[in-house]
Amino acid sequence: MTTTLRPTAPEQRGPGGARSRSYEVCVNSRPVGAVDLATDDRFGPAAGRIVRLTIDERDRHRGRGTVAALAAEEVLRGWGCTRIEVSVDAGAGVGLGLAVALGYTERNRNMAKTLTAAPRLPEGTEGRRMTEAEYPGWREASRAGFAQDLIDRGVPADQARAKADADERALLPGGLHTAGALLRVLTHRGTAVGILWLALRDAATGEPEGYVFDVEVAPAHRGKGHGRSLMLLAEAEALAHGARTLGLNVFAGNTPALRLYESLGYEPTAFHLYKPLF
């Protein structure tokens with residue numbers, strides 16, 4: 001039997017070289033699923049993305065998904081993509097297993113937690129607002145650190161820096177005074193030991209939710225539990241502003257952070273993986 005991709009609509013083109021197209025997955029011309037492909041708007045036309053890949057239930061467990069994914073890679077190579085990106089919901093164990101089997105590497109994962117009661121910070125530890133004087137240095141270091149995290153995980157330097165710059169423009173258009181952005185400095189017995197960037201936004205339900213974009217303990221104060229205190233501060237701030245869920249991102253390989261989040265009750269919601277296209 002031959003598994004192929006058959007276009008279901010004309011290819012769509014967009015600004016900056018963006019491309020997208022939808023396909024049927026066919027076995028001997030019989031439709032058995034669907035694939036949606038696109039260039040990745042976060043990284044530009046050199047990065048492709050499998051937006052969706054589904055196989056009809058009666059045709060699962062026969063290798064159809066594997067062949068469809070490999071065919072999708074060939075399409076993206078033909079578009080000039082040098083890397084392919086996929087995102088898999090945490091509950092889709094089969095999809096995650098397929099991606100790993102095909103050589104995809106986890107770059108990062110999203111995690112979330114339902115909030116109940118506001119936690120108490122350790123004695124002598126407090127959170128305060130970031131000052132105007134502190135903001136420029138923090139923002140530059142945060143942007144550079146985020147770009148380096150991407151570079152270390154397979155993103156070309158120019159794409160990584162462009163994404164870091166674009167994220168800053170989109171997420172902090174008003175700088176320190178951006179609506180919904182809470183920038184806090186954690187202090188311990190009067191000494192600044194870490195930084196928190198928490199965003200408040202409306203969820204699909206219309207209720208507010210919190211998202212931690214950055215937690216950073218100053219190098220001289222690491223290994224003393226301040227990372228946990230920063231997350232407790234994030235939870236307290238989120239609850240104080242009406243949020244009942246708190247999400248975050250953790251990069252693959254950051255084992256201390258992952259263990260911290262797991263110990264606090266955060267669970268994965270999605271995995272983000274990539275693979276070079278040679």
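Residues numbered from 1 in each chain as written. Predicted model: local features only at pLDDT ≥ 70, side-chain atom pairs only at ≥ 80, totals over all residues. Heavy atoms only, no water.

Colleague: Please provide a residue-by-residue account of the layout of surface pockets, values included.
Modeller: One number sums up the size of the second largest pocket: a volume of about 670 Å³. Lining the second largest pocket are 27 residues, with Leu-53, Thr-54, Val-94, Gly-95 and Leu-98 positioned closest to its centre. Breaking the lining of the second largest pocket down by element, the ones donating at least two residues are strand S5 (44-55), helix H1 (64-78), strand S6 (83-89) and helix H2 (93-101). Top contributing element to the lining of the second largest pocket by residue count: S5, with 7 residues. (1 Å grid on protein atoms, 1.4 Å probe; cavity = no way out; pocket = protein on both sides within 12 Å on 5 of 7 lines; lining within 4 Å. Points joined across faces, edges and corners; volume = space filled by probe spheres on them. Helix = DSSP H or I, 4+ residues; strand = E, 2+ residues; numbered from the N terminus.)

Colleague: Requested: an account of the nonpolar core, with residues and values cited.
Modeller: Val-212, Met-231, Leu-246, Tyr-261 and Tyr-266 are the most contacted members of the largest nonpolar core, which has 26 residues in total. Listed by contribution, the elements that provide at least two residues to this core are strand S9 (181-188), strand S10 (191-202), strand S11 (208-217), helix H5 (226-240), strand S12 (245-251) and helix H6 (255-263). The element contributing the most residues to this core is H5, with 7 residues. Membership of the second largest hydrophobic core comes to 25 residues, among which are Val-35, Val-86, Ala-99 and Leu-277. (Core = buried A, V, L, I, M, F, W, Y, C linked by side-chain atoms within 4.5 Å. Buried < 20%, exposed > 50% of the residue type's maximum accessible area, 1.4 Å probe, protein only.)

Colleague: Give a detailed account of the environment of Arg-222, specifying residues and quantitative values.
Modeller: Looking at the secondary structure, you find Arg-222 in the loop between S11 and H5. Separated by 41 residues in sequence, Arg-222 and Ser-263 have C-alpha atoms that sit 18 Å apart. Not counting the four nearest positions on each side in its chain, Arg-222 is found in contact with Glu-216 and Val-217. (Contact = heavy atoms within 4.5 Å.)

Colleague: Explain the packing of aromatic side chains to me, using residue names and the numbers behind them.
Modeller: One pass over the structure, following the stated rule, counts 6 aromatic pairs. Ring centres of Trp-138 and Trp-197 lie 5.7 Å apart, and the angle between their planes is 90°; on these two criteria the pair is classed as edge-to-face. With a gap of 59 residues between them, Trp-138 in helix H3 (residues 135-151) and Trp-197 in strand S10 connect regions that are remote in the sequence. Take Trp-138: its relative accessible area is 8%, and that puts it in the buried class. Its relative accessible area of 5% is what places Trp-197 among the buried residues. Across from the ring centre of Phe-43, 4.9 Å away, lies the NZ or CZ of Arg-83, which sits over that ring. (Phe/Tyr/Trp six-rings, centres within 6.5 Å; stacked < 30°, edge-to-face > 60°. Lys NZ or Arg CZ within 6 Å of the ring centre and 35° of its normal.)

Colleague: How would you summarise the packing of H5 against H6 if you had to cite specific residues and measurements?
Modeller: As a packed pair, H5 and H6 sit with axes 11 Å apart at the nearest point and diverge in direction by 50°. The angle between H5 and H6 places the two elements in the oblique class. Taken as a pair, H5 and H6 cross one another with a handedness that is right-handed. Between H5 and H6, the contacting residues are Gly-227, Arg-228 and Met-231 on the first element and Leu-260, Tyr-261 and Ser-263 on the second. A class-by-class count of the residues in the contact of H5 with H6 yields 3 nonpolar, 2 polar and 1 charged. (Axes fitted to C-alpha atoms, helices over the stretch in contact; angles between N-to-C directions. Parallel < 35°, antiparallel > 145°, perpendicular 65-115°, else oblique. Left-handed = near helix turned anticlockwise from the far one by under 90°. Nonpolar A, V, L, I, M, F, W, Y, C, P; charged D, E, K, R; others polar.)

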